Amino acid sequence: MSNRFLPDNNLLFDANRRISQLRTLLRLILLIVSSLLATYFIQYDFNQIHIALISTIFVLSLFYVFLTLDTSSIISGMLIWGLTILILFLAWHNGGLYASAITALPCILMLAIISTNRVVFIPLVLFILLAIYALGYAHVFGLIAFKSTDQIEFVWRKAFDISVVLFSFSLVMSFITKDISSLLFNLSQQNETLLNEKNEAIKLGNYDDLTELPNERLCLEGLESLITIAQKKGTILAFITLDIHNYKDICSSLGHSQGDLVLKELAVRLLVLFNGQPYLYRFPGNEFVILRPAIDYEEVSVFAEQILQALTSPFMIREYEIELLGAIGVAIAPFDGDSMELLRKKSHLALYKIKDKKTCEYHFYDEDLESIESNKYQMIKALKLALENDEFELYFQPKVDLSNGKIIGAEALIRWHRPNHGMVPPDVFIGLAEESGLIVDLTKWVAKNAIQACKGWHSADLNHLSVAINLSAVDFRRGNLPQTIFKMLNNACLSTHYLELELTESMIIDDQSHVQSQILELHTKGVMLAIDDFGTGYSNLGYLSRFNVTTLKIDQSFIKRMNDTQHDYLIVKAIIQLGQSLGISIVAEGVEDQENAELLKQLNCQYGQGYYWSKPLKNEDFIQLVKKHNVI
Ligand code: C2E
Ligand code: CA
Ligand code: CA
């Protein structure tokens, strides 16, 4: 702004406003000139002034017609110059420096300051000053007649006075306008900043930071308009929830930045699936929501398949190949509801149908799911009572030394004898117990009973046996797990190294330091640590030595396939070699036949667990089995 002598009109007003102002100005001047012409017609016979005024009206009308965004600068320049010439012309014919037309010059200068730039303004001021002296000259040489009272010696004085007044006026107005201009410029800048901030705030409130996808709020708007359209057309609208199962595992093992990159990449892949406007939203957590107008369920199914394909093709993030596991729940408007709350709830209920979180599937909501949900709450209620009513029982599945076939210990697996329901397997209720927090008490019950059982084995002369229990991430939340376990071991007079805790990879590499500190505390005092379902997570394996992991339990899925699939065979072989080189025991889980057991033995796997030796057994049956096995 500092180098700006005159205001730049574009800064003051936006283009459209400027045009409308110029139009108003033209109308005003046309009115003034026409009134002037009318008075001339009344007072004088037709002369040059009439012609000049008529020509001016004609030119002004042309300006009015041809005024556009492109011509506005030229027209405002021509208008100022044209009016100046008209005024000087009128002055020439009406008494020169003594003409009343001269008094209109400040208005012209003011107009020029406001509506043109310095390229027009400076020559205009010079021209007007020159014209004033030219009029004075005309007076002196008799080209313009004096009025009776005027005297020749005052002409130059008059010319000087007028030019000083006009010059001072121009200068003062220029400074004032410059100030106003800079004030307006600052204001417009502040306005722009405020607008940007407002837009940013709107964006933050409506869009997800990471993926830049619209969020829940915009989804609600989109849903309302799409439902209205669907109702008019008689079509359906699918409310699709995409849930990613293994996102937490990915973050735990590769870090949150990699996890973020996967989500971003997934968002890009999903956007490609849309032809027109993408109705794709990110909800809190790892949930993506898609709204899909469709003719029928078949069309939605095809689309769901496409989503699964986008989800399951491996992601190359830096040097890692990452596979996502997820599932899709679909609710259909108008049949399943027409509010976001209902459709979202039902799409979540549809996700309950997924039994195995290791596969990627999609499911539509159906009414049976309502009963699943109410069953769920009933089951949580029943679980609470089950602890009080002593409905649980521990089963023990032997772990066998592959070199001599002897049982070296057991994994304790919980069973629930639910009244009127028979035996409920842990897969059905462990998740619910975790969700409701009941797992903490359940784990205490398991730990206590497993420790007592182990103590019992020792008392029955089977004092080489150890016991393993399964832990859940939720068990670490209270922070007192180590104390609870040490107290139980103490009460039972059982040495810490007879107890093994089975953890999953995601638990051990959890970012939360309080989990890690508890694991370390347990381990430092001699409790054994096993990694359950090893091979299914994404790990940098650094934790193996950091926590002095004692055992790796190879996931059943590899063991089951290793006899038939080279790929799985190689994975098992590699895990066994890893264990050997790090001095970590390896347990192969899910061994079901002799062929499997033999192959593992050939690979120098130390221990096995599975139906081949025994299913999980009641404590007394387990003791019998050990006695039988270990004698042979
Ligand atoms: P897991 O820790 O991987 O336990 C092994 C599961 O595989 C057990 O199922 C066992 O019965 C089964 N299994 C063992 N050998 C074979 C085999 O040769 N073939 C087949 N098909 N299956 C075999 P279960 O007892 O139904 O337990 C399922 C899961 O429930 C467990 O998987 C564990 O994650 C969880 N769980 C069981 N008891 C507890 C517990 O006390 N606390 C916690 N937090 N989780 C538990
Ligand atoms: Ca286990
Ligand atoms: Ca396992």
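Remember, it's a predicted structure, so these values are computed and weren't measured experimentally.

S.K.: I tried to follow the coordination of the calcium ion (ligand 2) on my own but got confused; where do I start?
M.R.: Geometry reference: four tetrahedral donors at a metal, ideal angle 109.5 degrees. Six octahedral donors, ideal angles 90 or 180 degrees. Within the protein, the calcium ion (ligand 2) binds to Glu411 (OE), Asn470 (OD1), Glu502 (OE) and Asp532 (OD); these donor distances fall in the range 2.1 to 2.3 Å. Between consecutive donor residues of the calcium ion (ligand 2), the sequence gaps follow E-x58-N-x31-E-x29-D. Separating the calcium ion (ligand 2) from the calcium ion (ligand 3) is a gap of 4.0 Å, which Asp532 spans by donating to each of them. Of this pair, Asn470 sits in strand S11 (residues 466-470) while Glu502 sits in strand S12 (residues 499-503), placing them 32 residues apart in sequence. Assessed through its relative accessible area of 28%, Asn470 is described here as partly exposed. By relative accessible area, Glu502 is classed as buried at 1%.

S.K.: How do you make sense of a negative patch on the surface when you look at a structure like this?
M.R.: Together, Asp564, Glu592, Asp593 and Glu595 make up a negatively charged patch on the protein surface. Assessed through its relative accessible area of 35%, Asp593 is described here as partly exposed.

S.K.: Got a minute to help me understand the domain arrangement of the chain in this structure?
M.R.: Where interface size is quoted, it is often the accessible area lost as the parts come together. As far as domains go, the chain holds domain 1 (3-187), domain 2 (216-365) and domain 3 (385-627). Inter-centroid distance (C-alpha atoms) of domain 2 to domain 3 is 35 Å.

S.K.: Honestly, the coordination of the calcium ion (ligand 3) in this entry has me stumped. Any pointers?
M.R.: Taken together, the protein donors to the calcium ion (ligand 3) comprise Asp532 (OD), Asp533 (OD), Glu589 (OE) and Glu589 (OE), at separations of 2.2 to 2.7 Å. For the calcium ion (ligand 3), all donor residues lie on one chain, and their spacing in sequence is D-D-x55-E. Take Asp533: its relative accessible area is 25%, and that puts it in the partly exposed class.

S.K.: How should the site of ligand 1 be read in this particular structure?
M.R.: Neighbouring ligand 1 are 21 residues, the closest being Arg415, Asp532, Gln556, Glu592 and Tyr611. Asn470 places a side-chain nitrogen or oxygen 3.0 Å from an oxygen atom of ligand 1. At a separation of 2.6 Å, an oxygen atom of ligand 1 approaches a polar side-chain atom of Gln556. Contact with the protein chains removes 84% of the 790 Å² of surface that ligand 1 exposes when unbound. Broken down by secondary-structure element, the contributors of at least two residues to the shell around ligand 1 are strand S9 (407-418), helix H14 (426-436), strand S13 (528-534) and helix H20 (556-561). For the shell around ligand 1, the element with the most residues is S9, which contributes 4 residues. Per-class residue counts for the shell around ligand 1 are 8 nonpolar, 5 polar and 8 charged.

S.K.: Would you mind going over the pattern of salt bridges with me for this structure?
M.R.: Side chains that differ in sign of charge can pair as their charged atoms come close. This structure, assessed with the given rule, holds 13 salt bridges. Among the ionic pairs, Glu589 bridges to Lys553, the shortest N-O distance being 3.6 Å. Here Lys553 lies in strand S14 (residues 551-554) and Glu589 lies in strand S15 (residues 585-589), a separation of 36 residues in the sequence. Considered together, Glu589 and Lys553 belong to a single accessibility category, that of buried residues. Shared partners join several salt bridges into a network, and the residues in it are Glu411, Glu502, Lys553 and Glu589.

S.K.: Before we go on, may I ask you to explain the pairing of strand S2 (residues 280-283) in this structure?
M.R.: Working note: regular strand, side chains alternate between the two faces of the sheet. Covered by surrounding structure in S2 are Leu280 and Arg282 together with Tyr281 and Phe283, the residues of both alternating faces. One ladder, built from 4 bridges, connects S2 with strand S3 (residues 287-294); its direction is antiparallel. When the sheet's bridge partners are listed, Phe283 is paired in S3 with Glu287. Turn length for the S2-S3 hairpin, with the two strands adjacent in sequence and antiparallel, is 3 residues, and the turn residue Gly285 shows positive phi of about 85°.

S.K.: For this particular structure, what's the right way to read the side chain of Thr496?
M.R.: Tracing the backbone shows Thr496 in the loop between helix H16 (481-492) and S12. There is a polar contact of 2.7 Å between the side chain of Thr496 and the backbone oxygen of Lys525. Not counting chain neighbours up to four residues away, the residues in contact with Thr496 comprise Phe486, Leu489, Lys525, Gly526, Val527 and Met528.

S.K.: Help me out: how do you make sense of the environment of Lys525 in this one?
M.R.: Here Lys525 is to be found in the loop between helix H18 (513-524) and S13. As for Lys525 and Glu435, which are separated by 90 residues in sequence, their C-alpha atoms are 30 Å apart. In this structure, Lys525 is in contact with Phe486 and Thr496, ignoring residues within four places of it in sequence.

S.K.: Sorry if this is basic, but what is going on with the sheet that holds strand S6 (residues 326-333) here?
M.R.: The strands making up a sheet are joined through hydrogen bonds of the backbone, oriented either antiparallel or parallel. With mixed pairing, the 5 strands of this open sheet are ordered in space as S2-S3-S1-S6-S7. Looking at the sheet topology across the chains shown, the edges are occupied by S2 and strand S7 (361-364). Pairs of neighbouring strands in the sheet enclose a mean axial angle of 25°, with direction left out of account. As paired elements, strand S1 (residues 236-244) and S3 share 8 bridges and run antiparallel to each other. The residue of S3 that forms the bridge with Leu237 is Pro293.

S.K.: In this structure, what is going on with the nonpolar core? I would like to understand it.
M.R.: Grouped burial of nonpolar side chains is what soluble globular proteins tend to show. Ranked by size, the top nonpolar core spans 86 residues in total, and within it Trp457 and Leu600 carry the most contacts. Here this core takes 11 residues from helix H15 (residues 439-459), the largest share from any one element. For Trp457, the residues in contact, after removing those within four places along its chain, are Phe396, Ala410, Leu462, Asn463, Leu465, Ser466, Val467, Asn619, Phe622 and Ile623. Counting residues in hydrophobic clusters, the runner-up holds 51 residues, among them Leu22, Leu90, Ala99 and Ala131.

S.K.: Just to check I follow, could you spell out the packing of aromatic side chains for this structure?
M.R.: We describe a pair of aromatic rings using the distance from one ring centre to the other and the angle between the two ring planes. The tally for this structure, following the rule as stated, stands at 16 aromatic pairs. Ring geometry for Trp81 against Phe127: centres 5.2 Å apart, planes inclined by 55°, an arrangement best described as tilted. Linking Trp81 in helix H4 (residues 72-93) with Phe127 in helix H6 (residues 118-140), this pair joins segments that are 46 residues apart in sequence. Look at Trp81 and you get partly exposed, because its relative accessible area is 26%. Among the residues examined, Phe127 registers a relative accessible area of 30% and is labelled partly exposed. One cation-aromatic arrangement involves Lys615 over Tyr611; the distance from NZ or CZ to the ring centre is 4.7 Å.

Definitions and cut-offs
Residues numbered from 1 in each chain as written. Chains lettered and ligands numbered in written order. Predicted model: local features only at pLDDT ≥ 70, side-chain atom pairs only at ≥ 80, totals over all residues. Heavy atoms only, no water. Donors = N, O, S within 2.8 Å, 3.2 Å for Na, K, Ca; no water. Helix = DSSP H or I, 4+ residues; strand = E, 2+ residues; numbered from the N terminus. Buried < 20%, exposed > 50% of the residue type's maximum accessible area, 1.4 Å probe, protein only. Patch = residues over 30% accessible without salt bridge, like charges linked within 9 Å, V, L, I, M, F, W, Y side chains within 5 Å. Areas by Shrake-Rupley, 256 points an atom, 1.4 Å probe, with all protein chains shown as cover. Salt bridge = Lys/Arg side-chain N within 4 Å of Asp/Glu carboxyl O. Lys, Arg positive; Asp, Glu negative; His and termini not counted. Charge placed at Lys NZ, Arg CZ, Asp CG, Glu CD. Domains from an automatic or database assignment. Near = heavy atom within 4 Å. Polar contact = N/O pair within 3.5 Å; in protein donor to acceptor, adjacent residues only side chain to side chain. Nonpolar A, V, L, I, M, F, W, Y, C, P; charged D, E, K, R; others polar. Pairing = 2+ DSSP bridges. Contact = heavy atoms within 4.5 Å. Axes fitted to C-alpha atoms, helices over the stretch in contact; angles between N-to-C directions. Core = buried A, V, L, I, M, F, W, Y, C linked by side-chain atoms within 4.5 Å. Phe/Tyr/Trp six-rings, centres within 6.5 Å; stacked < 30°, edge-to-face > 60°. Lys NZ or Arg CZ within 6 Å of the ring centre and 35° of its normal.

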